[in-house]
Amino acid sequence: LKMHLLENLRVYRKVFVDSDDLSDLNNLFSHVRSEVDDLVVLCSREVLLRPWCVGEIATCFLNNVPVVKVILSDFVPPDAAAIEAYREMNSMFMLAEYGISTKMIQDAIGWFGTNPLL
(Lines give C-alpha, C1' and ligand atoms only; values in the text may rest on other atoms or scores of the structure.)
Protein backbone atom coordinates (compact mmCIF):
# COMPACT_ATOMS: atom_id res chain seq x y z
CA LEU A 1 0.00 0.00 0.00
CA LYS A 2 2.78 2.41 0.91
CA MET A 3 4.59 1.78 -2.37
CA HIS A 4 1.37 2.28 -4.29
CA LEU A 5 0.69 5.59 -2.55
CA LEU A 6 4.24 6.79 -3.12
CA GLU A 7 3.93 6.04 -6.85
CA ASN A 8 0.65 7.94 -7.11
CA LEU A 9 1.23 11.46 -8.40
CA ARG A 10 -1.81 12.74 -6.47
CA VAL A 11 -0.12 11.82 -3.17
CA TYR A 12 2.22 14.70 -2.46
CA ARG A 13 2.79 14.23 1.26
CA LYS A 14 5.00 11.88 3.22
CA VAL A 15 3.57 8.38 3.63
CA PHE A 16 4.16 6.84 7.05
CA VAL A 17 3.15 3.30 7.95
CA ASP A 18 3.17 2.77 11.70
CA SER A 19 4.90 -0.59 11.30
CA ASP A 20 7.82 1.12 9.52
CA ASP A 21 9.41 1.98 12.83
CA LEU A 22 8.13 0.13 15.85
CA SER A 23 11.39 0.57 17.75
CA ASP A 24 10.01 3.41 19.87
CA LEU A 25 6.33 2.96 20.59
CA ASN A 26 6.45 5.80 23.11
CA ASN A 27 6.63 8.24 20.21
CA LEU A 28 3.91 6.63 18.10
CA PHE A 29 0.97 8.62 19.50
CA SER A 30 3.00 11.83 19.50
CA HIS A 31 3.83 11.23 15.84
CA VAL A 32 0.14 10.63 15.02
CA ARG A 33 -0.87 13.77 16.94
CA SER A 34 1.66 16.13 15.37
CA GLU A 35 2.84 14.73 12.05
CA VAL A 36 -0.13 12.93 10.49
CA ASP A 37 -2.45 14.88 8.20
CA ASP A 38 -4.85 11.97 7.60
CA LEU A 39 -4.85 8.52 9.17
CA VAL A 40 -5.86 5.68 6.85
CA VAL A 41 -7.03 2.65 8.81
CA LEU A 42 -7.11 -0.75 7.15
CA CYS A 43 -10.20 -2.14 8.83
CA SER A 44 -9.67 -5.83 9.36
CA ARG A 45 -11.54 -8.05 11.80
CA GLU A 46 -8.82 -7.54 14.44
CA VAL A 47 -7.91 -3.85 14.05
CA LEU A 48 -10.18 -2.59 16.84
CA LEU A 49 -8.80 -5.24 19.20
CA ARG A 50 -5.19 -4.07 18.86
CA PRO A 51 -4.26 -1.54 21.54
CA TRP A 52 -1.79 0.40 19.38
CA CYS A 53 -4.33 0.72 16.56
CA VAL A 54 -7.05 1.81 18.97
CA GLY A 55 -4.58 4.25 20.55
CA GLU A 56 -3.85 5.78 17.15
CA ILE A 57 -7.58 6.15 16.44
CA ALA A 58 -8.16 7.70 19.88
CA THR A 59 -5.24 10.08 19.32
CA CYS A 60 -6.83 11.21 16.06
CA PHE A 61 -10.19 11.66 17.73
CA LEU A 62 -8.69 13.72 20.56
CA ASN A 63 -6.63 15.89 18.21
CA ASN A 64 -9.03 16.37 15.29
CA VAL A 65 -6.92 14.37 12.85
CA PRO A 66 -9.10 13.10 9.98
CA VAL A 67 -9.45 9.33 9.60
CA VAL A 68 -10.37 7.43 6.46
CA LYS A 69 -11.34 3.76 6.64
CA VAL A 70 -10.44 1.09 4.10
CA ILE A 71 -12.92 -1.70 4.82
CA LEU A 72 -11.65 -5.24 4.33
CA SER A 73 -14.07 -8.12 3.80
CA ASP A 74 -13.80 -9.50 7.35
CA PHE A 75 -14.32 -6.18 9.19
CA VAL A 76 -17.20 -6.02 11.64
CA PRO A 77 -18.21 -2.44 12.54
CA PRO A 78 -18.54 -1.96 16.29
CA ASP A 79 -22.05 -1.66 17.66
CA ALA A 80 -23.04 -0.16 21.02
CA ALA A 81 -22.35 -3.44 22.85
CA ALA A 82 -18.87 -3.70 21.34
CA ILE A 83 -18.10 -0.12 22.34
CA GLU A 84 -19.31 -0.78 25.88
CA ALA A 85 -17.11 -3.91 26.04
CA TYR A 86 -13.98 -1.74 25.93
CA ARG A 87 -14.71 -1.02 29.60
CA GLU A 88 -13.71 -4.63 30.41
CA MET A 89 -11.03 -5.17 27.74
CA ASN A 90 -7.82 -5.69 29.73
CA SER A 91 -5.62 -5.35 26.67
CA MET A 92 -6.65 -1.69 26.34
CA PHE A 93 -5.81 -0.69 29.91
CA MET A 94 -2.17 -0.13 28.95
CA LEU A 95 -3.25 2.91 26.92
CA ALA A 96 -3.89 4.77 30.19
CA GLU A 97 -0.09 5.05 30.49
CA TYR A 98 -0.30 7.33 27.43
CA GLY A 99 -3.19 9.41 28.77
CA ILE A 100 -5.90 7.52 26.89
CA SER A 101 -8.74 6.49 29.20
CA THR A 102 -11.41 3.87 28.61
CA LYS A 103 -13.97 6.66 28.11
CA MET A 104 -11.75 8.27 25.47
CA ILE A 105 -11.44 4.90 23.72
CA GLN A 106 -15.19 4.40 23.74
CA ASP A 107 -15.83 7.90 22.41
CA ALA A 108 -13.15 7.47 19.75
CA ILE A 109 -14.54 4.13 18.54
CA GLY A 110 -18.03 5.65 18.33
CA TRP A 111 -16.59 8.57 16.33
CA PHE A 112 -14.58 6.15 14.17
CA GLY A 113 -17.82 4.67 12.85
CA THR A 114 -18.82 8.06 11.41
CA ASN A 115 -15.63 8.53 9.37
CA PRO A 116 -15.57 8.21 5.57
CA LEU A 117 -14.73 5.08 3.63
CA LEU A 118 -12.10 4.86 0.96
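The paragraphs below set out a description of the structure included in this document. What you see is a predicted model; the values in this text were computed from it and never measured. (Residues numbered from 1 in each chain as written. Predicted model: local features only at pLDDT ≥ 70, side-chain atom pairs only at ≥ 80, totals over all residues. Heavy atoms only, no water.)

A tally of regular secondary structure across the protein chain gives five helices and two strands. Scanning the protein chain from its N terminus toward the C terminus, one meets helices and strands in the order α-α-β-α-β-α-α. Whereas a compact globule of 118 residues would reach a radius of gyration of roughly 13 Å, the protein chain reaches 14 Å, a difference of no more than 12%. Counting only C-alpha atoms and orienting by the principal axes, one finds that the protein chain spans roughly 45 × 30 × 25 Å. Taken across its 118 residues, the protein chain has 33% of its residues classed as buried. Sequence separation of 24 or more characterises 76% of the internal contacts of the protein chain that already satisfy a separation of 6 or more. With the model as given, the accessible surface of the protein chain reaches about 7400 Å², and the carbon-plus-sulfur share is 56%. With 10 positive and 16 negative side-chain charges, the protein chain shows a spacing of 5 Å between the two charge centroids. (Helix = DSSP H or I, 4+ residues; strand = E, 2+ residues; numbered from the N terminus. Rg over C-alpha atoms; globule rule 2.2 N^0.38 Å. Buried < 20%, exposed > 50% of the residue type's maximum accessible area, 1.4 Å probe, protein only. Contact = heavy atoms within 4.5 Å. Areas by Shrake-Rupley, 256 points an atom, 1.4 Å probe, with all protein chains shown as cover. Lys, Arg positive; Asp, Glu negative; His and termini not counted. Charge placed at Lys NZ, Arg CZ, Asp CG, Glu CD.)

Our focus in this paragraph is the packing of helix α2 (residues 28–35) against helix α3 (residues 51–62). It is the contact of α2 with α3, at a shortest axis distance of 9 Å, that shows an interaxial angle of 30°. As α2 packs across α3, the resulting crossing turns out to be right-handed. Residues Leu28, Phe29, Val32 and Arg33 of α2 form the contact with α3, whose participating residues are Trp52, Gly55, Glu56, Thr59 and Cys60. A per-class count over the contact of α2 with α3 returns five nonpolar, two polar and two charged. (Axes fitted to C-alpha atoms, helices over the stretch in contact; angles between N-to-C directions. Left-handed = near helix turned anticlockwise from the far one by under 90°. Nonpolar A, V, L, I, M, F, W, Y, C, P; charged D, E, K, R; others polar.)

Because an α-helix packs 3.6 residues into every turn, residues spaced three or four apart end up facing the same way. What α2 keeps buried is the set Leu28, Phe29, His31 and Val32. Buried residues in α2, looked at end-on, bunch into an arc of 160°, giving them a common side. Across from the buried face of α2, at angles greater than 90 degrees, the exposed residues are Ser34 and Glu35. In the core, the buried residues of α2 are packed alongside α3. (Arc of directions from axis to C-beta.)

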